[in-house]
Amino acid sequence: MKQIEVVAAIIHDAAGRIFVTQRGYGDFKDYWEFPGGKMEPGEMAEEALKREIWEELETRIVIERFVKTIEWDYPQFHLKLHCYFCHVESGHLELKEHEAAKWLRKEELESVNWLPADRDLVKEL
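In what follows, the accompanying structure is described. This one's a predicted model, so the numbers in the text were calculated from it and none came from an experiment.

**Details of the overall build of the protein chain**
Piece 1. Counting its secondary structure elements, the protein chain contains two helices and seven strands.
Piece 2. Computed over C-alpha atoms, the radius of gyration of the protein chain comes to 13 Å, within 12% of the 14 Å expected from 2.2 N^0.38 for 125 residues, which places it in the range of a compact globule.
Piece 3. Oriented by its inertia axes, the alpha-carbon framework of the protein chain measures out at about 40 × 35 × 25 Å.
Piece 4. Counting only residues that meet the buried cut, the protein chain has 46% of its 125 residues in that class.
Piece 5. Long-range contacts, defined here as pairs at least 24 residues apart, represent 67% of the contacts in the protein chain between residues at least 6 apart.

Next up, the structure:
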């Protein structure tokens, strides 16, 4: 089975809200996720996360801490997802690849349709 290694930013603000994005493409179009993306060969997870957030949102982030790694089997591939708590250093979270985005309070996180690999993480938050 194909293996994909990705990173995700759990971006929070001073009010404790979390920034989430909606996919605008692919098999899981319209599902919600934490922003991030694929790691490149030889790239460290934190480097990949900063690069992906810049590419997708034109935003610089500060990575605060590692949260967990999730492993999930989708029908076409095995996913290894490294998740980090972050906050915005500079930029305006401008959507370059996603269909939509919003800030959610922790009690609102389950109000959107999450990608399967993200669901357990959402429950933990």
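**Section: the nonpolar core**
Piece 1. One finds V20, F34, L79 and W114 to be the most contacted residues of the largest nonpolar core, which totals 24 residues.
Piece 2. Listing elements by their share of this core, those giving two or more residues are β1 (2–11), β2 (18–22), β6 (77–91) and α2 (119–124).
Piece 3. Of all the elements, β6 adds the most residues to this core, at five residues.
Piece 4. If we ignore the near neighbours within four places in the chain, the residues touching F34 are A8, A9, I10, I18, F19, V20, T21, W114, D118, L121, V122 and L125.
Piece 5. Core analysis: the second largest hydrophobic core is formed by 15 residues, A9, F19, A45 and L93 among them.

**Side note on the sheet that holds strand β7 (residues 100–104)**
Piece 1. Taking strand neighbours across the sheet as the criterion, the three strands line up as β3-β2-β7 in an open arrangement whose pairing is antiparallel. Each edge of the open sheet is held by one strand with a lone partner, namely β3 (32–33) and β7.

**Topic: the sheet that holds strand β5 (residues 59–73)**
Piece 1. Strand order in the open sheet formed by four strands is β4-β1-β6-β5, and the pairing between neighbours is mixed. Each edge of the sheet is formed by a strand with only one pairing partner; in this case those strands are β4 (36–38) and β5. Going across the sheet, the axis of each strand differs from the next one's by a mean of 20°, ignoring polarity.
Piece 2. Two elements, β1 and β6, share ten bridges in a ladder whose sense is parallel. The residue bridging V7 from the neighbouring strand is H82, located in β6.
Piece 3. The strands that helix α1 (residues 45–57) touches are β1, β4, β5 and β6; relative to β5, the one it contacts most, it runs at about 110°.

**Looking at the packing of aromatic side chains**
Piece 1. This model, assessed by the stated rule, comprises seven aromatic pairs.
Piece 2. Aromatic pair F28 and Y74: ring centres 5.2 Å apart, planes at 65°, arrangement edge-to-face. One end of the pair, F28, is in the loop between β2 and β3; the other, Y74, is in the loop between β5 and β6, and 46 residues separate them in sequence. An identical accessibility class is assigned to F28 and Y74; each is buried.
Piece 3. Through a chain of ring-to-ring contacts, three or more aromatic side chains come together here, namely F28, Y31, W72, Y74 and F77.

**Regarding the pattern of salt bridges**
Piece 1. Under the counting rule described, the total for this entry stands at 13 salt bridges.
Piece 2. The shortest N-O distance in the salt bridge between R51 and E43 comes to 2.8 Å.
Piece 3. Using a relative accessible area of 15% as the deciding quantity, one classes E43 as buried.
Piece 4. The shortest N-O distance in the salt bridge between R105 and E108 comes to 3.3 Å.
Piece 5. By relative accessible area, R105 is classed as partly exposed at 41%.
Piece 6. Classification of E108 by relative accessible area gives partly exposed; the value is 24%.
Piece 7. Each of E40, E43, R51, E52 and E55 takes part in one network of salt bridges that share partners.

What counts, and where the lines are drawn
Residues numbered from 1 in each chain as written. Predicted model: local features only at pLDDT ≥ 70, side-chain atom pairs only at ≥ 80, totals over all residues. Heavy atoms only, no water. Helix = DSSP H or I, 4+ residues; strand = E, 2+ residues; numbered from the N terminus. Rg over C-alpha atoms; globule rule 2.2 N^0.38 Å. Buried < 20%, exposed > 50% of the residue type's maximum accessible area, 1.4 Å probe, protein only. Contact = heavy atoms within 4.5 Å. Core = buried A, V, L, I, M, F, W, Y, C linked by side-chain atoms within 4.5 Å. Pairing = 2+ DSSP bridges. Axes fitted to C-alpha atoms, helices over the stretch in contact; angles between N-to-C directions. Phe/Tyr/Trp six-rings, centres within 6.5 Å; stacked < 30°, edge-to-face > 60°. Salt bridge = Lys/Arg side-chain N within 4 Å of Asp/Glu carboxyl O.

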